[in-house]
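# Secondary and tertiary structure notes
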Amino acid sequence: MTRATRHPERRGLALRLALFILASTTLIFLAAFGYSHYHSRRLVLKNVRAVAMDRAASVVLQIEIKLRSVEALPRVVSRYLENRTVTDELVLPLMHDMVAGSPELFGGAAAFEPHAFKPDQRFYAPYFFRKGSEEVTFAQLGNETYNYFLWDWYLIPKELNRPVWSEPYFDEGGGGILMTTYSHPFYERSEEGRLFRGVVTADVSLEKLVSDIGAISLYETGYAFLISNRGAFLAHPDQTLIMRESIFSTAEARGLPELRTVGKAMIQGGSGFTAMTCPHTGRRSLLAYAPVTAAGWSVGVVIPEHELFADIRTLNRTILKIAAAGLALLLLVVVAISRSITRPLQHLVGATAEIAKGNLEVQLPVVRTGDEVQVLTRSVDDMRVALKAYIADIAETSRARERIESELKIASAIQMNFLPKRFPPFPDQTTFDLYAALAPAREVGGDLYDFFMLDPGHLFFSVGDVSDKGVPAALFMAVTKTLMKGMAEQGSTPADVLGRVNAELCRNNETAMFVTLVCGILDLATGDLVYSNAGHNPPVLLRAGKRPEFLPLPPGLVLGAAEEAAFETRSIRLFPGDRLLLYTDGVTEAMDVDQQLFSDERLLRETTWMAGETPRQMVERLMAAVQTYAGGTAQSDDITVLALHYKGSH
């Protein structure tokens, strides 16, 4: 029954090659794309940080210039008022000119300590301010309802003994504009030291500054803002936050602790660049901040990340689309190339499948690619031709072997025909019984046995073993048997028979073959047995009522070895009931699975149980014992056994 062959699921080489190349290319592209994206982000962040810090620094510089330019005027006026006798004629024109001559000023005042200007005058603070675009108006500050001695713009520089910028505020009297005041203290100096006499102030409108900062935009929704030294928004795109919310209140309202941390750093005069969640958009943003050292304020510049990397995302999407189109095109090209390579292989696979089925006449595809596929195709075709020739040789060899086996069978049949095989051989004889069997190791062997009546009262028998095996041994056996019969019938002793046969065998024996042989002549009337030996194994003698023993043989050289060899005849008497067992060395040299010999001792033990058996039973028992002993071991030598039972004359 033919076993069905299961083939695994087939995946075309072209498909696997295309998938492998496509996967490898995709991995390489993704690695390069990821590397490019990462470094692009880093580069953009680096550039944006520089731009944001520069923008913050630019705003800071703009504010610093404006404030520093204002600081000079109160400082000069303060120096002028120190150690001078102040009068209205001195102070009023001085303050009017300071405001009128400085367009950046909204107003200015010279506020004196109580009774410092006149002993009977507690409040003296002439204040000049702009009303309209050009008109400068005068007002006297200070009365019981407006005690300026308690206001920050007056009290803080007095306590700190240094000029300060006030916290920005909405000036109700100035039209509700956002402004800040710079207060510079002045003193009366003497040898005992200096005595605080008042402050010279300069009011600055922050409206334009707030408008300029609020108008700053970066990308689409990026913006700048300004906070005071307390965190209050002074400038912001959302006007509702100005002076109403601080960076800390916003952080609390939005739940943004990171914004609170940034606010602390800003009011402490720090600068930096950090990421945070924008309180107004809720998106991640980048913040650059820098301090305004003149007033203790801080400027922040906010840039949303999603806008910052918008160009990168757009570029990435474009690259991915191009890459997808390129990979699709690459897949088509690879599949086309792979198929051009694998198509001959597919044809070759079909041809080899036919060869595997035994069809050696199949024609392989013609390949002229000049590559490994062409070499493989040529090799497979050479294999097909060689396999075809090999099978033809095997067929021829098989036919020859079958012919030889047939001839050997014929030779075996011819050889067997040389041997007596009818039993009982002499049905009319009552004085003896005889049986023999031969089991060749190959189709034909070199063992022989023979028996025949020389005359009505004498039986001749012999058992021999030709050296080597096969057809030459069989031919040598046939010649030996023929000579033995011819020489024995001429009437002579066994030794003479062996001598003459030896002489004939030695003549022209170029193959140097030889034969061992034992023969005897039994006088049926008296039981006298004369026998001779030519290098053969001693027969086993089974006397009635006694233990089996080997029959003593006279010395004698094998037949065919030496023409001058001499042989001796000996004699014994057989009594009725005695049995004689002749055999070849195929019995005693039979080996078991452990390569151990059957041995002479085992032969004697086996014959112990043969007392009372017929010659056929003796031969069959010994043959079965040898076969059992050998087990599965192949027979290595011919086995021949001849059993003779002398019954005696009546």
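Residues numbered from 1 in each chain as written. Predicted model: local features only at pLDDT ≥ 70, side-chain atom pairs only at ≥ 80, totals over all residues. Heavy atoms only, no water.

### Some remarks on the environment of Leu 195
- Relative to the helices and strands, Leu 195 is located in strand β7 (residues 193-205).
- By relative accessible area, Leu 195 is classed as exposed at 54%.
- Along the primary structure Leu 195 and Glu 82 are separated by 113 residues, whereas in three dimensions their C-alpha atoms are 9.9 Å apart.
- Contacts of Leu 195, omitting those with residues within four sequence positions, involve Phe 186, Tyr 187 and Glu 188. (Helix = DSSP H or I, 4+ residues; strand = E, 2+ residues; numbered from the N terminus. Buried < 20%, exposed > 50% of the residue type's maximum accessible area, 1.4 Å probe, protein only. Contact = heavy atoms within 4.5 Å.)

### Quick notes on unusual backbone geometry
- In this structure, the amide linkage connecting Phe 423 to the following residue, Pro 424, adopts the cis form with an omega of -5°.
- Relative to the elements of secondary structure, Pro 424 occurs in the loop between α9 (372-418) and β14 (432-439).
- Notably, His 115 is not glycine yet its phi reads approximately 65°, a positive angle.
- Note on placement: His 115 falls in the loop between β1 (107-112) and β2 (125-131).
- Since its relative accessible area comes to 43%, His 115 is described here as partly exposed.
- Here the phi dihedral of Ala 512 falls at roughly 60°; this positive angle occurs in a residue that is not glycine.

### Thoughts on the layout of surface pockets
- Considered as a void within the structure, the largest pocket measures approximately 820 Å³ in volume.
- If you go around the largest pocket, you meet 35 residues; those closest to its centre are Trp 153, Ser 166, Glu 167, Tyr 169 and Thr 181.
- Put simply, the second largest pocket is a space of about 230 Å³.
- If one sorts the elements of the lining of the second largest pocket by residue count, helix α14 (residues 615-630) sits on top with four residues.
- For the lining of the second largest pocket, the residue count by class is eight nonpolar, six polar and one charged. (1 Å grid on protein atoms, 1.4 Å probe; cavity = no way out; pocket = protein on both sides within 12 Å on 5 of 7 lines; lining within 4 Å. Points joined across faces, edges and corners; volume = space filled by probe spheres on them. Nonpolar A, V, L, I, M, F, W, Y, C, P; charged D, E, K, R; others polar.)

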